[in-house]
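# Notes for the structure review
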Amino acid sequence: MTKRPIFASLLLLSSALVAPAALAQDAGTPAPDAPPVATETAPADDAAAQDEEADVSIPGGADQEIVVTGRFTPNIVRATPEVVSVLSSADIARTGEGDISGSLQRVTGLSVVGSGFVYVRGLGDRYSLALLNGSPLPSPEPLKRVVPLDIFPSNVIDSTLVQKSYSANFPGEFGGGVINLTTKSTPREPFLTFSGGIGWDSETTNELGYTYYGGDTDWTGFDDGTRDVPPLLKAAFASGKPILQGADFSQDDLEAIQMELVNAETTLLQQNNHIPVNWSAGVTGGTTIPFADGELGIIATAGISNKWRTRDTLQQTSLNQDLSGDPQTSYNRVITDNRVVVNGLLGLGLEIGDHKLRWTNLYIRDTLKQARLALGTDANQVGRDIMRQDTAWYERQLINTQFVGEFHFDALKVDLRGAYANSQREAPYERGFTYVRTNLPTTQDPTGDKFVNDLGGNRGDATIAFSDLNEDLWSGGVDLSYELAPQVSATIGYAYSDTSRTATRRSFQFRASGLPVAVTQLRPDYLLSDATIQLYDITLVETSAQDGTAAFDAGLTTHAGYAQLQAEIVPGMNVNVGVRYEDAKQTVVPIDLFGTGGSAIVQTNLKNDYWLPAITLTWEVAPDMQLRLNASNTIARPQFRELIAQIYQDPESNRQFRGNPSLSDSELWNTELRYEWYFAKDQRVTAAGFFKKIDSPIEAYTSLSTDSIANTSFANAPEALLYGGEIEVQKYVALDTLSDAALWASRRLVLIGNYTFTKSEIRVGAGDTTVINGVVQDARNFFFDGSPLTGQSDHLVNIQIGLEDQDKLSQQTLLFTYASPRVTSRGPSGQPDIREKPGISVDFVARQGISLLGKEIELKFEARNLTGRTYKEVQEFGDNRIFLNRYKLGRTFSLSASLKF
């Protein structure tokens, strides 16, 4: 019998597979002043002795320790009863990513698509579940019920667990995996750290871009009141009447409303030849207050980042099935984003003997100020040039407060968790202007060589929209675990969640008739000035859908009970078996804003219950090798925004989306066989094969509107299969074995690599149907038999090669990422699918710790996208190509420093 110290996170991480909240009970990493690399390498000749009966000494407070007798397994991933990947704070720091989604794309089988949405083994974000300290999260995205992980700065996350095999203690919406984010926990010793950094983007910084004034405080991510809905418009919204000329609103009323709208500050696009540098700043501090039977820990962090990105895009559409001829529309569009993220965290942790209580409060505000200018052609307007400009302000905000308690009573363990979260998204003053140039000789058109906007004729328009989303999520749960015998424990639990969302979008057009030629040539703020509005009777017409889809209420309530048994059947073979009963009611109801007496749009009212079994067998075939076999049944529900027939403009893809209220749940059958070889501590080779069958998968498809705008919607395909394999290698090489030089005495080579192959195919045949807005249609009109699932790349490769010092902070890491082409949406009207080509990305990160005047300083240098790759979203038919989105991604370089007191 030997006694070895081990961080409490080893056992807590394992227990998280029994109670999701358990992972939240400890930081998962050493105290902030511990060595930067938490994963010390065991000597190679210790590999065969990694498992042994041991008394494990775990720090339990200022003057105490807890002694647990059990099997000592220094590899965290191996010790868990399920298939997991773990990102510790050291792993996150090594990648140098600013948000947690960037770090997650280094995990085997994971890829990040769009604005921080994580795909697991090729399955879309709808099949992934994100938890914060074991509790569910609301989403501030109108299009998603899944929270985008790029809003979580790395400085508030301490560790991340990715579980790919389903176990009954997790929610049933588990298609690809669950991602449990653990926020920073209370420290063992007081500390205070200040940080700051600057960054440069080769395509953006000090280059041409576009912006608009907005308000004085835009740089903070908070509006100064400039974009508040003015009083007259607010009163008109509250009237319950559509805002247009008639019995309810006179022309004088509409002119008064228009003149109250903030004009030049939100309208006038400005050219900036020197876009500013990116910058960030933060502060983190914590302390621990000991007392007789335990301790109280406090940690707080606050940060802000301000980043710019300019994209010079080519965006096209085609009406021909073979994509032949000139594009239907083709625009060169310059888009400049100014993204500001503000975050704060306050955590309190109380330990009393064997009991732990934790209260965590998180605030994240993510604001995007966007300006777009496009010049192009439309085949519907032959010979004309079209210029479009847009300005927008998108506020996303997440507030989360949660309580977690873990209580130990000899063989009985009780875990409690409760949380409230609120997310909001506001998009006031979404403005758009279109100007047209006919290019006709001046003898035929006096303004043929000039851009004009006649406000609603056939030569231009002007629009404005206000949208608002609010989502509340209450959740709670309890788990009771009892040790029935050595190596045998049983768990029963209950989980509850209630999500409610309200979203509204009010959109308008400015219209006029017979504007003088000189007026049609005015710039946007003059075109809609008070004088122009009054002189030429410019009117305001509400174009919000009057059938109720301008607003909707949505809700999802789930109740679940589950039982789970974890036992060693025979020496060397363990089983984790459980079943979950989950009942859910999901509704999406259009709001009749204008009292028209009903909606032509189908309401959604899904009420289903499921029995969801799961089993994982782990067989230790050798002292350092094991096999895992998992099988489970899980589900995937439609997301709120996919169910409502309301137009939504996505600022990332510049594409419109519209939901389908006739979507239904998807059901998945999952199985996996996995081999694991742990040849040294924190070093391993793993290989796995997996298979999934999906009934009624929800897929995106694209159609073209009458004005040739690409619209994306959603439909249930009949069936899909997904299968593949993955391999992962993690190896450390002590460099002192290669050289006696003092330089290499404490340094090691870090080699981490993984590869995932995934293949999927949609199955559709004669007689298969899908339902679109209440109408049953032939599924073959929307899906091709054998097509891959949207978002799935056949090949994913991640490689990390680095040097690091085990005695002090010194790391240099090269990171390579490759994702093969993947479908983002089905093609419209029998056209080829729309495919994204992510390509190869190469990054370099260096971290160095130095001591100056007795203070610890960490310096970090990052170089991203060294290959300067181009983003491409394209349709291809033979040699014919249509680029729905193409732009060059900039190389980025940043330098940051943190000072610890």
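All of the points below concern the structure found in this document. These numbers come from a predicted model, not from an experiment.

The helix and strand inventory of the protein stands at ten helices and 45 strands. The buried share among the 901 residues of the protein stands at 57%. Residue pairs in contact within the protein that sit at least 24 positions apart in sequence constitute 73% of those at least 6 positions apart. Looking at the protein as shown, the accessible area adds up to about 34200 Å², and 58% of this sits on carbon and sulfur atoms.

Pairing is mixed in the open sheet, where five strands are placed in the order S4-S9-S10-S7-S8. The open sheet is flanked by strand S4 (84-87) and strand S8 (135-136), the only strands paired with a single partner. Taken together, the six bridges between strand S9 (residues 157-163) and strand S10 (residues 177-183) define a ladder with antiparallel strand orientation. Paired with isoleucine 157 across the two strands is threonine 183, which belongs to S10.

Bringing a nonpolar patch on the surface into the picture now. Taken together, the side chains of Ile198, Trp200, Val277, Leu751, Ile799, Ile801, Leu814, Phe861, Leu866, Phe893 and Leu895 present a nonpolar region at the surface, about 880 Å² in accessible area. When residues of the nonpolar patch are traced back to their parent elements, those giving at least two are strand S11 (191-201), strand S37 (795-805) and strand S45 (892-900). Here isoleucine 799 is to be found in strand S37. Taking relative accessible area as the criterion, isoleucine 799 reaches 35% and is therefore assigned partly exposed.

Bringing a negative patch on the surface into the picture now. There is a patch of like negative charges on the surface, built from Asp216, Asp224, Asp228, Glu426 and Asp468. With respect to the helices and strands, the residue aspartate 228 is situated in the loop between strand S12 (209-211) and helix H5 (231-238).

As defined by bridge partners, S11 adjoins strand S14 (residues 278-291) across nine bridges and the pair is classed as antiparallel. Counted as the bridge partner of glycine 199 is asparagine 278 from S14. Relative to S45, S11 runs antiparallel, the two sharing nine bridges. Residue pairing for S45: glycine 199 is matched across the bridge by serine 894.

We now examine the nonpolar core. Taken as a class, soluble globular proteins show a tendency for nonpolar side chains to be buried jointly. Among the nonpolar cores identified, the biggest contains 26 residues, and Ile243, Leu455 and Phe510 are the most heavily contacted of them. Those elements that provide at least two residues to this core are H5, helix H6 (251-260), strand S19 (412-437), strand S20 (461-485) and strand S21 (488-511). Each residue touching leucine 455, except ones within four places of it in the same chain, is listed here: Gly460, Asp461, Ala462, Phe510, Arg511, Ala512, Leu515, Leu527, Leu528 and Ile538.

Here the focus is the pattern of salt bridges. In this structure the tally under the stated criterion is 44 salt bridges. Note that arginine 417 and aspartate 479 form a salt bridge whose closest N and O atoms lie 2.5 Å from each other. On the criterion of sequence distance, the pair formed by arginine 417 in strand S19 and aspartate 479 in strand S20 is long-range, its members being 62 residues apart. For arginine 417, a relative accessible area of 9% corresponds to the buried category. One salt bridge connects glutamate 858 with arginine 847, and the closest N-O pair in it is separated by 3.0 Å. Separated by eleven residues along the polypeptide, glutamate 858 in strand S42 (residues 855-864) and arginine 847 in strand S41 (residues 839-852) bring together distant segments of the chain. For glutamate 858, a relative accessible area of 22% puts it in the partly exposed group. Its relative accessible area of 7% is what places arginine 847 among the buried residues. A single network of salt bridges, built from pairs that share partners, joins Lys164, Arg628, Glu672, Arg674, Glu676 and Glu726.

Turning to the side chain of asparagine 361, a few remarks are in order. Within the fold, asparagine 361 resides in strand S17 (residues 355-378). A distance of 2.7 Å separates the side chain of asparagine 361 from the side chain of threonine 401, its partner in a polar contact. Leave out the neighbours within four places in its chain, and asparagine 361 touches Gly344, Leu345, Leu346, Asn400 and Thr401.

With that settled, consider unusual backbone geometry. We note that aspartate 410 has phi near 55 degrees; this positive angle belongs to a residue other than glycine. Among the secondary structure elements, aspartate 410 is positioned in the loop between strand S18 (385-409) and S19. Judged by relative accessible area, which is 84%, aspartate 410 ranks as exposed.

Note on placement: isoleucine 492 falls in strand S21. In this structure, isoleucine 492 is in contact with Val478, Asp479, Leu480, Tyr562 and Ala563, ignoring residues within four places of it in sequence.

To continue, consider the packing of aromatic side chains. Within the structure shown, the criterion is met by 14 aromatic pairs. Note on phenylalanine 194 and phenylalanine 901: the rings are 5.9 Å apart at their centroids and 85 degrees apart in plane angle, and the pair reads as edge-to-face. Of this pair, phenylalanine 194 sits in strand S11 while phenylalanine 901 is found in the segment after S45, placing the two residues 707 residues apart along the sequence. Using a relative accessible area of 45% as the deciding quantity, one classes phenylalanine 901 as partly exposed. Where tryptophan 219 meets tryptophan 279, the ring centres are 6.3 Å apart and the plane angle is 40 degrees; that geometry is what we call tilted.

For glutamine 683, the position within the fold is in strand S30 (residues 683-695). You can call glutamine 683 buried: its relative accessible area is 2%. It is 9.7 Å that separates the C-alpha atoms of glutamine 683 and leucine 751, two residues lying 68 residues apart in sequence. Looking at glutamine 683, its side chain comes within polar contact range of the main-chain nitrogen of tyrosine 732, at 2.8 Å.

Here we take up the pairing of S20. Relative to S20, S19 runs antiparallel, the two sharing 21 bridges. Bridging across to S20, glycine 418 finds its partner in glycine 476. Between S20 and S21, which pair antiparallel one after the other, the connecting turn spans two residues, and glutamine 487 there sits at a positive phi close to 65 degrees.

Turning to the packing of H5 against H6, a few remarks are in order. Look at H5 against H6: their axes get within 8 Å of each other, and the N-to-C directions meet at 125 degrees. Accordingly, the angle class assigned to the pair H5 and H6 is oblique. Together, Pro231, Leu232, Leu233 and Ala236 of H5 and Ala256, Ile257 and Glu260 of H6 make up the contact between the two elements. In the contact of H5 with H6, the residues fall into six nonpolar, no polar and one charged.

Our next topic: H6. In an α-helix, one full turn covers 3.6 residues, which means residues spaced three or four apart are oriented alike. Turning to H6, its buried residues number three or more, namely Gln251, Leu254, Glu255, Ile257 and Gln258. Taken down its axis, H6 places every buried residue within 160 degrees of arc, on the same side. On the buried face of H6, the contacting elements are H5, S21, helix H10 (530-535) and strand S22 (539-542).

Rules of the game
- Residues numbered from 1 in each chain as written.
- Predicted model: local features only at pLDDT ≥ 70, side-chain atom pairs only at ≥ 80, totals over all residues.
- Heavy atoms only, no water.
- Helix = DSSP H or I, 4+ residues; strand = E, 2+ residues; numbered from the N terminus.
- Buried < 20%, exposed > 50% of the residue type's maximum accessible area, 1.4 Å probe, protein only.
- Contact = heavy atoms within 4.5 Å.
- Areas by Shrake-Rupley, 256 points an atom, 1.4 Å probe, with all protein chains shown as cover.
- Pairing = 2+ DSSP bridges.
- Patch = residues over 30% accessible without salt bridge, like charges linked within 9 Å, V, L, I, M, F, W, Y side chains within 5 Å.
- Salt bridge = Lys/Arg side-chain N within 4 Å of Asp/Glu carboxyl O.
- Lys, Arg positive; Asp, Glu negative; His and termini not counted.
- Charge placed at Lys NZ, Arg CZ, Asp CG, Glu CD.
- Core = buried A, V, L, I, M, F, W, Y, C linked by side-chain atoms within 4.5 Å.
- Polar contact = N/O pair within 3.5 Å; in protein donor to acceptor, adjacent residues only side chain to side chain.
- Phe/Tyr/Trp six-rings, centres within 6.5 Å; stacked < 30°, edge-to-face > 60°.
- Axes fitted to C-alpha atoms, helices over the stretch in contact; angles between N-to-C directions.
- Parallel < 35°, antiparallel > 145°, perpendicular 65-115°, else oblique.
- Nonpolar A, V, L, I, M, F, W, Y, C, P; charged D, E, K, R; others polar.
- Arc of directions from axis to C-beta.

Limitation: the analysis is restricted to geometry and does not speak to function.
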